[in-house]
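# Per-entry structural report
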Amino acid sequence: MPNREVGGAHEPETVIAASVKLEGDFQSQGNVLIEGVVEGSLKTERDLRVGERARISADVYAANATVAGEVRGNLVVAERLELEPTARIHGDVRTKVLVVASGATVNGKLSMGAEQPAEEQRKQQRPAKTEQPAAKAEEEKVAEKVMAPFLTR
Amino acid sequence: MYYYLYDSFLADKKYERVLAAVETRLTDLGISGKIGRLTAFTNARGLIRDEVRRGVQTVVVVGNDQTIAKVVGGIDDAKLTLGFIPVGTPTSIARSLGIPDGVEACDILSKRVTQKIDLGMVNGHLFLSQVRMPGANVTIEGEGKFRLTSLADDCDVVVSNLRISEHADPGAQGAAPAGYTVGDPMDGWLDALITPRPGAFMGMFRRAGEGARSVIPMRKLSVTSEEPIAVEADGRQFSHNVVSIEIVPDRLKVITGRERVFA
């Protein structure tokens, strides 16, 4: 099956207009334009544009993104993230290159650059745990839940 | 070996001249063949099945968009090539495939440039071009993973496999906003277009298409409503509370012209 070809590098294949609400897990291989409401998760392998009237309550993943609306959720952009003056981000942001226009707001953690955040580097430097059988891992989760009230006293 | 399937309305005398010219041209090009006719007592499925058994590999639809819908709906599992000679109106599907009306279509037929295209399936019936659900208050479930609802009271939903040529039908409901590539029958996707009706959505959109149209590519979707949805698929009309639509990729080989709307 041939891959879907877009008419141009920046033309969106998916448009969620202002009159539409999307709920659930949405994935796209092409450019996406959001002007409406999205709840759940939103992923695209290419470019994302969030319009000024858009309201997103979702974790968002994109190669590049330009945001002019509201995003409540984590925003992970592989390459370049541009926040326009009306952008409102409530969540953690991770990107390689960030452009923030005057007026944009971000309430959350910010991780940038090609390098991984320090926390993830520390995790990778720890010796790898041997794989536990699934049943034993489940037991440990249950044990943690049971012990939690006692440990917080 | 060519089999020409004429629609029943072509029995009208006003089509005599054009049909005579078509048949003469086909003979001159050396591609004349057996003629079958759709009537009240015959259907496309039966006629095609019988001719395929006899070795026919190319069926040529002679008629309009509704004729194409009847024939596509009747091909079932048959592996054949479909050609078109548009006569009558409307002929927007043939135009989208690059086929001109009447005698000129014979030359396209003889050049035999073929493309393997996707078809769509709506509630178990194949369609080639579009499924339209005008004026519906519906919920669309896509890929089993997400749900789309219109915030407007009333919207038009078009699920497109083949974009209707703007020359054939300017302002067609299935036309995407300028600059968007939708309705490519070779990409393995269906494009759902959701347009709020004028005056809907708190009166914000005075005219349809004022930046209000959503375009969502999907392979499989389900459209549901509390009330029966009026559906038109390539001219065939029915209504149902649940409309299931999916792509059938690379299903049909068609003879196309240079002016087709896809690559």
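Residues numbered from 1 in each chain as written. Chains lettered and ligands numbered in written order. Predicted model: local features only at pLDDT ≥ 70, side-chain atom pairs only at ≥ 80, totals over all residues.

Of the regular secondary structure elements, chain B holds five helices and 14 strands. For chain B, the residues scored as buried account for 47% of the 263 residues in total. (Helix = DSSP H or I, 4+ residues; strand = E, 2+ residues; numbered from the N terminus. Buried ≥ 20, exposed ≤ 12 C-beta atoms within 10 Å, placed from the backbone.)

Quick look at the nonpolar core now. Residues and elements named next belong to chain B. Counting 100 residues, the largest nonpolar core has Leu5, Val60, Val157 and Ala192 as its most contacted members. Both domain 1 (2-112) and domain 2 (125-248) contribute no fewer than three residues apiece to this core. Once residues within four sequence positions are removed from consideration, Val157 is found in contact with Met133, Ala136, Val138, Ala192, Ile194 and Val223. (Core = buried A, V, L, I, M, F, W, Y, C linked by C-beta atoms within 7 Å. Domains from an automatic or database assignment. Contact = placed C-beta atoms within 7 Å.)

Turning next to the domain arrangement of chain B. Residue and element names in this part refer to chain B. You can read the domains of chain B as domain 1 (2-112) and domain 2 (125-248). Tallying the contact residues gives twelve residues for domain 1 and 15 residues for domain 2. Going through the elements one at a time, helix H3 (65-72) and helix H4 (92-96) are the ones with two or more residues in the side of domain 1 that touches domain 2. No other element matches the five residues that H3 contributes to the side of domain 1 that touches domain 2. Residues that form the side of domain 1 that touches domain 2 fall into these classes: five nonpolar, five polar and two charged. (Nonpolar A, V, L, I, M, F, W, Y, C, P; charged D, E, K, R; others polar.)

All names here are of chain B. Per-residue pLDDT for chain B has a mean of 87; in total, 88% of the residues score no lower than 70. Note that residues 205-210 has pLDDT below 50 and, in this model, twelve contacts with residues that lie over four places away or in other chains. This prediction of the complex comes with two scores: 0.81 for pTM and 0.82 for ipTM. (pLDDT = per-residue confidence, 0-100.)

The next thing to look at is helix H5 (residues 104-111) of chain B. Residue and element names in this part refer to chain B. Among the residues of H5, Ala105, Cys106, Ile108 and Leu109 are the ones counted as buried. Buried residues of H5, viewed axially, fall in a sector of 160 degrees; they line one side. Turning to H5, the residues buried within the fold contact helix H1 (16-29), strand S3 (58-63), strand S4 (81-86) and strand S14 (236-255). (Arc of directions from axis to C-beta.)

Residue and element names in this part refer to chain B. Among the secondary structure elements, Asp65 is positioned in helix H3. In the structure, Asp65 is positioned 94 residues away from Val159 in sequence and 17 Å away in space, judged by C-alpha atoms. Among residues more than four places away in sequence, those in contact with Asp65 are Pro90, Thr91, Ser92, Ile93, Asp234 and Gly235.

So, on to the pairing of strand S12 (residues 214-218) of chain B. Residues and elements named next belong to chain B. Within S12, five of the five residues are buried, leaving the element largely enclosed by the surrounding structure. Going residue by residue along S12, you find Ser214, Ile216 and Met218 tucked away on one face and Val215 and Pro217 tucked away on the opposite face as well. In this structure, strand S11 (residues 190-196) lies alongside S12, joined through five bridges in antiparallel fashion. Within S12, the residue paired with Ala192 across the bridge is Ile216. (Pairing = 2+ DSSP bridges.)

A negative phi angle characterises most non-glycine residues, just as the trans form characterises most peptide bonds. All names here are of chain B. In this structure, Pro90 follows Thr89 across a cis peptide bond, with omega equal to -5 degrees. Here Pro90 shows up in the loop between S4 and H4. Unlike most non-glycine residues, Asn123 shows phi in positive territory, near 45 degrees. Checked against the element boundaries, Asn123 lands in the loop between strand S5 (114-122) and strand S6 (125-127). Residue classification places Asn123 among the partly exposed positions, given that 13 C-beta atoms sit within 10 Å. With a phi close to 50 degrees, Asp250 is a non-glycine residue in the positive phi region. With respect to the helices, strands and loops of the structure, Asp250 is situated in strand S14. C-beta crowding within 10 Å serves as the criterion here: with 15 such atoms nearby, Asp250 is assigned to the partly exposed category.

All names here are of chain B. Looking at the secondary structure, you find Leu126 in strand S6. Overall, the presence of 20 C-beta atoms within 10 Å leaves Leu126 in the buried class. Each C-alpha atom, one on Leu126 and one on Lys253, is 14 Å from the other, the two residues being 127 residues apart in sequence.

All names here are of chain A. Judged by which residues are buried, strand S5 (residues 47-50) turns out to be covered on both faces: Asp47 and Arg49 on one side and Leu48 and Val50 on the other are all buried. Pairing of strand S3 (residues 32-34) with S5, which is carried by three bridges, proceeds in the parallel orientation. Counterpart to Leu33 in the pairing with S5 is Arg49. Of the pairings in the sheet, the one linking S5 to strand S6 (residues 55-67) comprises four bridges and is parallel in character. Bridge pairing links Arg49 to Thr66 in S6.

Here H3 of chain B lies mainly inside the structure; seven of its eight residues are buried. Restricting attention to buried positions, one finds in H3 of chain B the residues Asp65, Thr67, Ile68, Ala69, Lys70, Val71 and Val72 of chain B.

It is worth spelling out the confidence of the model for chain A at this point. Put simply, chain A has an average pLDDT of 82, and 67% of its residues get 70 or more. Within the model, the stretch residues 1-9 of chain A combines pLDDT values under 50 with 17 contacts to residues more than four positions away or in other chains.

All names here are of chain A. If you trace the backbone, Val77 turns up in strand S8 (residues 75-83). Given 23 C-beta atoms within 10 Å, Val77 falls into the buried group. Once the C-alpha coordinates of Val77 and Val60 are considered, the two residues, 17 residues apart in sequence, prove to be 8.0 Å apart. Ignoring anything within four residues of it in the chain, the contact list for Val77 reads Ala62, Asn64, Ala65 and Thr95.

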